[in-house]
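Read off the chains here:
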Amino acid sequence: MNSTLATFLVGFFARFGRKAVSLPLILATLLIVSACQTTMKTGPDATVEEPPVAESTTDAETTQTEQDAFEALEAEGATEQEPFADLQNQPLIIGDYKTKVGVLLPLSGRHQEVGQALMNAAQLALFDLAGEKFELVVRDTAGTADGARRAMEAVLQEKVDLVIGPLFATSVSAITPLARAAGVSVLSFSNDQAVAGNGIYVLGLTPEEQIRRVVDYAASQGVRRVAVFAPDDDYGRRVVSALQIQSYGSGVELAKLSFFNPNDPDLNDEVKAIASYDQRHQALISHRAQLRAKGDAASLKALRRLTGRDTLNPPGYDAIIVPTGGKQLLTIAPLMNYYDIDPSQVKYIGTALWNNPKLGREPALVGSWYASPSPAHWDGFSNRYQTLYGKEPPRLVTLAYDSVALAAVVARQAESQSIKTSYSQQVLTNPQGFSGLDGVFRLHPDGRSERGLAVLTLKRDLIEVVDPAPASFAPLVN
């Protein structure tokens, strides 16, 4: 990608049996790292804020984080704009200026485990890609809004050039006034678009972009009528809103909608209702009675064909979206099958909360679709992480890796030109985007992030790609 450095896929894949795709020559030099520094202080213990429902938790079974990672792919033969053009006008550096990047993570409190995992991934990016004059300044948020505010004040005192994190939307809101007053951009891990804008970017994987991707694919496969069975919370409502918006352009109609209480362990009646089971069962009883009343050979033959059936017709939609994961999904899916939402007739569709191969052990979910970043390079990264840290990483850690990698590559480019590092809007919103562990992504001036997602399907203990993620973005239309 000429001199833009818009691709920053980790070179260690080559060392661990994975070949990087079309990487520019500069990445080879970025693997030679020396004198990188990280400073870390932990803040006082504090009561941990509850993460917004729309954001993810660390549960390994649910993988409930709308935040995932990025595969390194590079557009072949694309004409690219120079994303670092504004750097050319910066004055030459005199002295030992260092690029400092603040990192705000919950390193104590309820969410310290995921915070430490994010820190581990950030360290990997630091050692893989950072130059000599690049430093991470890490501060603990304790997982609270107040902790995030104190951590932000601390990194601003260190005169950081960019801030990465925090994790939760409430924490992002808490630091936003400080960031804007200081003129420092923030690459947050939240997926709540409500906190984005004016220099605050949300890198988390949003339900809106997942729904857009999977619904477009479903429409291309002939799906026209869709039902939604969603939790009655912010995440579920965002999914429904995204589908309603997407239906205008895709030709997919929202045929039936039902919300359920995500805290209710017994959803039997709710599933029965979304399946229209009672009406369909009564229709079968009436039809059988009519066939018996006729009594002719054709009617009796048709009656025999209904043996073992509980309902007469499909439920009136081609697919059903269930935006939940983990144990809750494993409760709902067999109930849907029991009440004759037959997965051979109705396609089950989910979100990245389904990104767990163990879910494929539920027969009703085999063959389902959901949108998520490409898994092409996750295994290599995960294996390296486990080797170094002795445990499997949560899926969201690639947010930390890619954010630090982006910051390090921009700083490396500036260092090579003996100019001050700039994380201006022009640099961060390069329309060509960047390519990371889970594929291409780009930031928009309004703070949203956009990803090139794949459509995946669950098999038993296996996830397969049914529609690959794009290798580059279409040009932005003004």
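Residues numbered from 1 in each chain as written. Predicted model: local features only at pLDDT ≥ 70, side-chain atom pairs only at ≥ 80, totals over all residues. Heavy atoms only, no water.

1. So, the environment of Leu303
Right, so step 1: Mapped onto the fold, Leu303 is located in helix α10 (residues 297-305).
Right, so step 2: Leu303 sits twelve residues away from Leu291 along the chain, and the two C-alpha atoms are 6.3 Å apart.
Right, so step 3: The residues touching Leu303, leaving out its near neighbours within four places in the chain, are Arg288, Leu291 and Arg292. (Helix = DSSP H or I, 4+ residues; strand = E, 2+ residues; numbered from the N terminus. Contact = heavy atoms within 4.5 Å.)

2. Some thoughts on helix α5 (residues 169-182)
Right, so step 1: Over its 14 residues, α5 runs 20 Å from end to end, which matches the ideal 20 Å to within 8%, given 1.5 Å per residue.
Right, so step 2: Of all bends in α5, the biggest is about 40°, found at Ile175, and the proline Pro177 comes one to four residues later.
Right, so step 3: If you check which residues of α5 are buried, you get Ala169, Ser171, Val172, Ala174, Ile175, Thr176 and Ala179.
Right, so step 4: Where α5 is buried, its residues contact β2 (99-105), α4 (145-157), β5 (185-188) and β6 (200-202).
Right, so step 5: Two residues or fewer after α5 comes Gly183, characterised by a positive phi angle close to 70°. (Expected span 1.5 Å × (residues − 1). Bend = angle between axes of the 7 residues up to and from the residue. Buried < 20%, exposed > 50% of the residue type's maximum accessible area, 1.4 Å probe, protein only.)

3. Topic: the sheet that holds strand β13 (residues 439-443)
Right, so step 1: The strand order across the open sheet built from three strands is β12-β13-β14, with neighbouring strands paired in antiparallel fashion. The open sheet has two edge strands, β12 (434-436) and β14 (449-451), and neither has a second partner. The average angle at which neighbouring strand axes cross in this sheet is 30°, direction not considered.
Right, so step 2: Of the strand pairs in this sheet, β13 and β14 are connected by three bridges, and their pairing is antiparallel. (Pairing = 2+ DSSP bridges. Axes fitted to C-alpha atoms, helices over the stretch in contact; angles between N-to-C directions.)

4. Considering the pattern of salt bridges
Right, so step 1: The full count for this structure, using the stated rule, is 14 salt bridges.
Right, so step 2: One salt bridge in this structure joins Glu208 and Arg238, with 2.9 Å as the shortest N-O distance. You can see Glu208 sitting in helix α6 (residues 207-220) and its partner Arg238 sitting in helix α7 (residues 234-250), a full 30 residues away along the chain. Here the two residues Glu208 and Arg238 agree in accessibility, since each one is buried.
Right, so step 3: Connected via shared salt-bridge partners are Lys100, Arg139 and Glu158. (Salt bridge = Lys/Arg side-chain N within 4 Å of Asp/Glu carboxyl O.)

5. Thoughts on unusual backbone geometry
Right, so step 1: In this structure, Pro166 follows Gly165 across a cis peptide bond, with omega equal to 0°.
Right, so step 2: Position of Pro166 relative to the elements: it lies in the loop between β4 (162-164) and α5.
Right, so step 3: Phi angles above zero are rare outside glycine, and Asn198 is one such case at about 60°.
Right, so step 4: Of note, Asn198 is situated in the loop between β5 and β6.
Right, so step 5: Note on Asn198: relative accessible area 62%, which makes it exposed.
Right, so step 6: Look at Ser276: it is not a glycine, yet its phi comes out positive at around 50°.

6. Looking at the nonpolar core
As a rule of thumb, soluble globular proteins bury nonpolar side chains together.
Right, so step 1: Core analysis: the largest hydrophobic core is formed by 55 residues, its most contacted members being Ile320, Ile321, Ile341 and Trp354.
Right, so step 2: Residue contributions to this core peak at six residues, all from α6.
Right, so step 3: Counting 48 residues, the second largest nonpolar core, distinct from the first, contains Ala122, Phe134, Val138 and Leu203. (Core = buried A, V, L, I, M, F, W, Y, C linked by side-chain atoms within 4.5 Å.)

7. Quick word on the sheet that holds strand β9 (residues 319-321)
Right, so step 1: Read across the open sheet, the seven strands follow the order β8-β7-β9-β10-β11-β15-β16; overall the sheet is mixed. Strands at the two margins of the open sheet, each flanked by one partner only, are β8 (253-260) and β16 (462-467). Within this sheet the neighbouring strands show an average axis-to-axis angle of 30°, counted without direction.
Right, so step 2: When strand β7 (residues 225-231) meets β9, the two strands line up parallel, connected through three bridges. By the bridge assignment, Ala227 is partnered in β9 with Ile320.
Right, so step 3: The strands touched by α7 are β7, β8 and β9; relative to β7, the strand with the most contacts, the crossing angle is about 160°.
Right, so step 4: The strands that helix α11 (residues 326-338) touches are β7, β8, β9 and β10 (347-350); relative to β10, the one it contacts most, it runs at about 165°.

8. As for the pairing of β13
Right, so step 1: Counting buried positions over the five residues of β13 gives five, a clear majority of the element.
Right, so step 2: Pairing of β12 with β13 involves three bridges; the strand directions are antiparallel. In the sheet register, Gly436 faces β13, and the bridge partner there is Gly439.
Right, so step 3: The hairpin formed by β12 and β13 contains two residues between the paired strands.
Right, so step 4: As consecutive antiparallel partners, β13 and β14 are separated by five residues, and within that stretch Gly447 has a phi angle of approximately 95°, a positive value.

9. A short note on the confidence of the model for the chain
Note: predicted coordinates in regions of low pLDDT should not be interpreted at a detailed level.
Right, so step 1: Averaged over all residues, the pLDDT of the chain is 81; the fraction at 70 or higher stands at 79%.
Right, so step 2: Scored below 50 in pLDDT, residues 1-37 shows 99 contacts in the model against residues more than four places distant or in partner chains.
Right, so step 3: In this model, residues 41-95 is a region of pLDDT below 50 whose contacts with residues beyond four sequence positions or in other chains number 191 contacts. (pLDDT = per-residue confidence, 0-100.)

10. Here we look at α7
Right, so step 1: For α7, which comprises 17 residues, the first-to-last C-alpha distance of 24 Å matches the rise-based estimate of 24 Å (1.5 Å per residue) to within 8%.
Right, so step 2: Taken residue by residue, α7 has Tyr235, Gly236, Arg238, Val239, Val240, Ala242, Leu243, Gln246, Ser247 and Ser250 as its buried positions.
Right, so step 3: Against the buried residues of α7 lie α6, β7, β8 and β9.
Right, so step 4: The N-cap residue of α7 is Asp233: its side-chain oxygen and the backbone nitrogen of Tyr235 are 3.2 Å apart. (Polar contact = N/O pair within 3.5 Å; in protein donor to acceptor, adjacent residues only side chain to side chain.)

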